[in-house]
Amino acid sequence: MHTRLVGRRPTPQPAELIASLTPPPHFEHATFASYVPDSSYPSQATALGAARDFARGASGRKKASGGKGLYLDGGFGVGKTHLLTAMAHEVGAGAAFGTFLEYTSLVGALGFAPAREALSAFRLVCIDEFELDDPGDTLLMARLMRELADAGVAIAATSNTPPGALGEGRFAAEDFRREIQALSSRFSVVTIDGPDYRHRDALGDVSPSPHAEVAAVANQPAGVVEAWGELIADLAHVHPSRYAAYIDGVETLGLRDVAALGDQNQALRLVMLVDRLYDANVRVVASGAPWSEVFAHDMLEGGYRKKYLRALSRLHAMTAGTD
């Protein structure tokens, strides 16, 4: 395998993009039985029941003929992706699973009509991390989801944001309120409460690793070591939809000299890379600044706050070796 990430330029073919719409390795064993609701938060048991019932409906002999989808809303680390993956596993080969970005990228790669036709072959389309970051995505997904639902495809999604509030703080969402409300009306919304099971609040307990420990990652069979600044710069040359292919084959990633990011475009690209690393069960060993200093204070208070907090939660989990 490659000994570097920097410089990789993966170019997946359209057929590979369709074939890749499967649950990520991190959740390969996620089932309804393995989701254990916290009794302190009854909404978790409610969400489990709703997800199980929805998956059973999607598994029926006939397609759902345009019924409402299921939208799991809640903070990061409450098990939304676990339940979404469990739904996909329940339906089996009839389910497509991908992130919001992967579906919009699929339309970009295939064109709208071929992408809609390919997705219409599934009984269930699972959309993880449903987020509207720009007007183009809003118009695209409103049309795609309408046409998939009309074709009888069941749609399940997760998000950190209630559907009616999508896009707020990121673009002129009020100008697209009709489309956003149309998206929202497609779903039955189940909100999941609870703390982050990855214990993001313990982030300060994970100290940066010594330089020697980071360097030793290069001696591991599937280990790669990169300088933080070089990796962040290289991400600008790879479309985020290709980040999964970008890290393919890596099991441990060493990062030298982690430092704060001052540019929001860099920060958002890092968020998307972290999501793919987490999905692929990559372990991270890093030196330099602690994760809590990577995103500037104004970033953590802005429209992408939830994205950055999710990334910190996942970085903590990958560095600490938790699930």
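Summary of the structure given here. Predicted model only: the values in this text are computed from it and were never measured.

**Quick look at the packing of helix α4 (residues 100-110) against helix α5 (residues 112-119)**
Part 1: Relative to each other, α4 and α5 sit at 125°, their axes nearing to 6 Å. Our classification of the angle between α4 and α5 gives oblique. Of the two elements, α4 crosses α5, and the hand of that crossing is right-handed. Listed contacts from α5 to Tyr103, Leu106, Val107 and Leu110 of α4 are Phe112, Pro114, Ala115 and Leu119.

**Some words on the pattern of salt bridges**
Once their charged atoms are close, side chains differing in charge can pair, the charge on each being opposite to the other.
Part 1: Inspection of the entire model under this criterion finds 14 salt bridges.
Part 2: When the shortest N-O distance is used, the salt bridge between glutamate 129 and arginine 276 registers 3.8 Å. Remark: arginine 276 occurs in helix α11 (residues 264-279) and glutamate 129 occurs in the loop between β3 (124-128) and α6 (135-150); sequence separation between them is 147 residues.
Part 3: Glutamate 129 gets classed as buried once you look at its relative accessible area, which sits at 10%.
Part 4: Overall, the relative accessible area of 7% leaves arginine 276 in the buried class.
Part 5: Arginine 143 is the partner of glutamate 147 in a salt bridge, and the nearest nitrogen-oxygen pair spans 3.0 Å.

**What to know about unusual backbone geometry**
Part 1: One non-glycine residue, aspartate 257, lies in the positive phi region at around 60°.
Part 2: Of note, asparagine 281 is a non-glycine position whose phi angle comes to about 65°, a positive value.
Part 3: Among the secondary structure elements, asparagine 281 is positioned in the loop between α11 and β8 (283-288).

**Here's the deal with the packing of aromatic side chains**
Part 1: Considering all chains together, one arrives at 8 aromatic pairs under this definition.
Part 2: Three or more aromatic residues joined by ring pairs form one cluster here, namely Tyr71, Phe100, Phe130 and Phe187.
Part 3: One Lys or Arg, arginine 143, reaches over the ring of phenylalanine 112 and ends 3.8 Å from the middle of that ring.

**Overview of the pairing of strand β4 (residues 154-159)**
Part 1: Within β4, 6 of the 6 residues are buried, which leaves the element mostly enclosed by the surrounding structure.
Part 2: Of the two faces of β4, the one carrying Ala154, Ala156 and Thr158 and the one carrying Ile155, Ala157 and Ser159 are both buried.
Part 3: Direction of pairing for strand β1 (residues 69-74) relative to β4: parallel, over a ladder of 4 bridges. Note on β4: the bridge partner recorded for leucine 70 is alanine 156.
Part 4: The pairing of β3 with β4 spans 4 bridges and is parallel. Across the sheet, residue leucine 124 finds its bridge partner in β4, namely alanine 154.

**Brief notes about the pairing of strand β2 (residues 95-99)**
Part 1: Among the 5 residues in β2, 5 count as buried, and that is most of the element.
Part 2: Here β2 shows no split at all, with Ala95, Phe97 and Thr99 on one side and Ala96 and Gly98 on the other all buried.
Part 3: Summarising the sheet, β2 and β3 pair through 5 bridges and their orientation is parallel. The partner of threonine 99 across the bridge, within β3, is aspartate 128.

**Things to note about helix α9 (residues 228-235)**
Part 1: Within the sequence span of α9, burial applies to Trp228, Leu231, Ile232, Asp234 and Leu235. End-on, the buried residues of α9 take up no more than an arc of 165°, which puts them together on one face.
Part 2: Contact partners of the buried residues in α9: β6 (223-227), α10 (243-246), β7 (252-258) and α11.

**Thoughts on α5**
Part 1: Turning to α5, its buried residues are Phe112, Ala115 and Leu119. Along the axis of α5, the buried residues cluster in a sector spanning 70°; they form a single face.

**So, the sheet that holds strand β5 (residues 187-192)**
Part 1: Read across the sheet, 5 strands follow the order β2-β3-β4-β1-β5 without closing on themselves; strand pairing throughout is parallel. Strand pairing shows two members of the sheet lacking a second neighbour, β2 and β5, which therefore form its edges. Adjacent strand axes in the sheet meet at a mean angle of 15° when their direction is disregarded.
Part 2: Sheet strands touched by helix α2 (residues 42-58): β1, β3, β4 and β5. Its angle to β5, the strand with the most contacts, is close to 150°.

What counts as what
Residues numbered from 1 in each chain as written. Predicted model: local features only at pLDDT ≥ 70, side-chain atom pairs only at ≥ 80, totals over all residues. Heavy atoms only, no water. Axes fitted to C-alpha atoms, helices over the stretch in contact; angles between N-to-C directions. Helix = DSSP H or I, 4+ residues; strand = E, 2+ residues; numbered from the N terminus. Parallel < 35°, antiparallel > 145°, perpendicular 65-115°, else oblique. Left-handed = near helix turned anticlockwise from the far one by under 90°. Contact = heavy atoms within 4.5 Å. Salt bridge = Lys/Arg side-chain N within 4 Å of Asp/Glu carboxyl O. Buried < 20%, exposed > 50% of the residue type's maximum accessible area, 1.4 Å probe, protein only. Phe/Tyr/Trp six-rings, centres within 6.5 Å; stacked < 30°, edge-to-face > 60°. Lys NZ or Arg CZ within 6 Å of the ring centre and 35° of its normal. Pairing = 2+ DSSP bridges. Arc of directions from axis to C-beta.

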